[in-house]
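Structure assessment
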Amino acid sequence: MPAFEESCARDRDALRALAEDAREQLLDAASREDAYSPALADQRGELGLLYAKLCNHPAALDEYRKALHAIRVSDGLLSKSQLPYLRALAESYRAIGDFESAQKSLQQAFRIHGFGREELSEQALADSLAYFQLARELYTHPSRQGTTFLFFEAYQDTRAMLDAQRARDLAFA
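As a starting point, this report considers the structure included with it. This one's a predicted model, so the numbers in the text were calculated from it and none came from an experiment.

1. Considering a nonpolar patch on the surface
- There is a patch of nonpolar side chains on the surface, built from Tyr 139, Phe 152 and Tyr 155 and spanning about 320 Å² of accessible area.
- Tracing the sequence through the fold places Tyr 139 in helix α6 (residues 122-140).
- Since its relative accessible area comes to 38%, Tyr 139 is described here as partly exposed.

Have a look at this one:
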């Protein structure tokens, strides 16, 4: 079973300098751009990644949430452009031990992929399996006793996806 904690960057001073530069560039761009500009979302995502590498997951989560908000306002609630941020959000939630929020982030990615009812691209399949795998890992981990409901929620979603894929295959046979 993979560890829930990620290793933090080794050259922290250099990474802090990069994060500070990215933050300054973001502040500068924010003064020129619309508040919901997708360009700002990308910069926020990059800053969030730097914070995550520094194991400053609360700051990373803040940037990922702001990036998601901008994308949802500008591109829509089911925009595929938010998928990288949802994956990153799940990783940071997982790193701080908020497994329910991690699973909800992956479940949102599953929702964006049409709940697995449409033809599954390689990325849709990978995101769906990540959602189901996290629920299974939490369910089988001895110290995560309060996550049973997350497992059953993911199980029901998995079952519905499997049924939909079988029906699709029969319709095209």
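2. What about the environment of Asp 98?
- With respect to the helices and strands, the residue Asp 98 is situated in the loop between α4 (83-95) and α5 (99-112).
- Asp 98 sits in the partly exposed class, given a relative accessible area of 27%.

3. Overview of helix α3 (residues 57-75)
- Look at α3: 26 Å from first C-alpha to last across 19 residues, which is about the 27 Å you get at 1.5 Å a residue.
- All buried positions along α3 are accounted for by His 57, Ala 59, Ala 60, Leu 61, Glu 63, Tyr 64, Ala 67, Leu 68, Ala 70 and Ile 71.
- In this fold, the buried residues of α3 make contact with α1 (12-32), α2 (38-53) and α4.

4. Some points on the packing of α3 against α4
- Between α3 and α4, the least distance of the axes is 9 Å, while the angle of their chain directions is 155°. Our classification of the angle between α3 and α4 gives roughly antiparallel. Crossing handedness for the pair α3 and α4: left-handed. Residue-level contacts link His 57, Ala 60, Leu 61, Tyr 64, Arg 65, Ala 67, Leu 68, Ile 71 and Arg 72 of α3 to Tyr 85, Leu 86, Ala 88, Leu 89, Ser 92, Tyr 93 and Ala 95 of α4.

5. Comments concerning the packing of aromatic side chains
- Under the criterion given, the structure shown has 7 aromatic pairs.
- Taking 5.3 Å as the distance between ring centres and 70° as the angle between the ring planes, the aromatic pair formed by Phe 110 and Phe 132 counts as edge-to-face. One end of the pair, Phe 110, is in helix α5; the other, Phe 132, is in helix α6, with 22 residues separating them in the sequence.
- Taking 4.2 Å as the distance between ring centres and 15° as the angle between the ring planes, the aromatic pair formed by Tyr 139 and Phe 151 counts as stacked. Within this pair, whereas Tyr 139 is found in helix α6, its partner Phe 151 is found in helix α7 (residues 148-171), the two being separated by 12 residues in sequence.

6. A word on the packing of α4 against α6
- Their axes nearest at 12 Å, the elements α4 and α6 cross at an angle of 15°. Between α4 and α6, the angle falls in the class roughly parallel. Classified by chirality, the crossing of α6 by α4 is left-handed. Contacts from Leu 83, Arg 87 and Arg 94 in α4 reach Gln 123, Asp 127, Leu 134 and Glu 137 in α6.
- In the contact of α4 with α6, the residues fall into 2 nonpolar, 1 polar and 4 charged.

Conventions adopted
- Residues numbered from 1 in each chain as written.
- Predicted model: local features only at pLDDT ≥ 70, side-chain atom pairs only at ≥ 80, totals over all residues.
- Heavy atoms only, no water.
- Patch = residues over 30% accessible without salt bridge, like charges linked within 9 Å, V, L, I, M, F, W, Y side chains within 5 Å.
- Areas by Shrake-Rupley, 256 points an atom, 1.4 Å probe, with all protein chains shown as cover.
- Salt bridge = Lys/Arg side-chain N within 4 Å of Asp/Glu carboxyl O.
- Helix = DSSP H or I, 4+ residues; strand = E, 2+ residues; numbered from the N terminus.
- Buried < 20%, exposed > 50% of the residue type's maximum accessible area, 1.4 Å probe, protein only.
- Expected span 1.5 Å × (residues − 1).
- Contact = heavy atoms within 4.5 Å.
- Axes fitted to C-alpha atoms, helices over the stretch in contact; angles between N-to-C directions.
- Parallel < 35°, antiparallel > 145°, perpendicular 65-115°, else oblique.
- Left-handed = near helix turned anticlockwise from the far one by under 90°.
- Phe/Tyr/Trp six-rings, centres within 6.5 Å; stacked < 30°, edge-to-face > 60°.
- Nonpolar A, V, L, I, M, F, W, Y, C, P; charged D, E, K, R; others polar.

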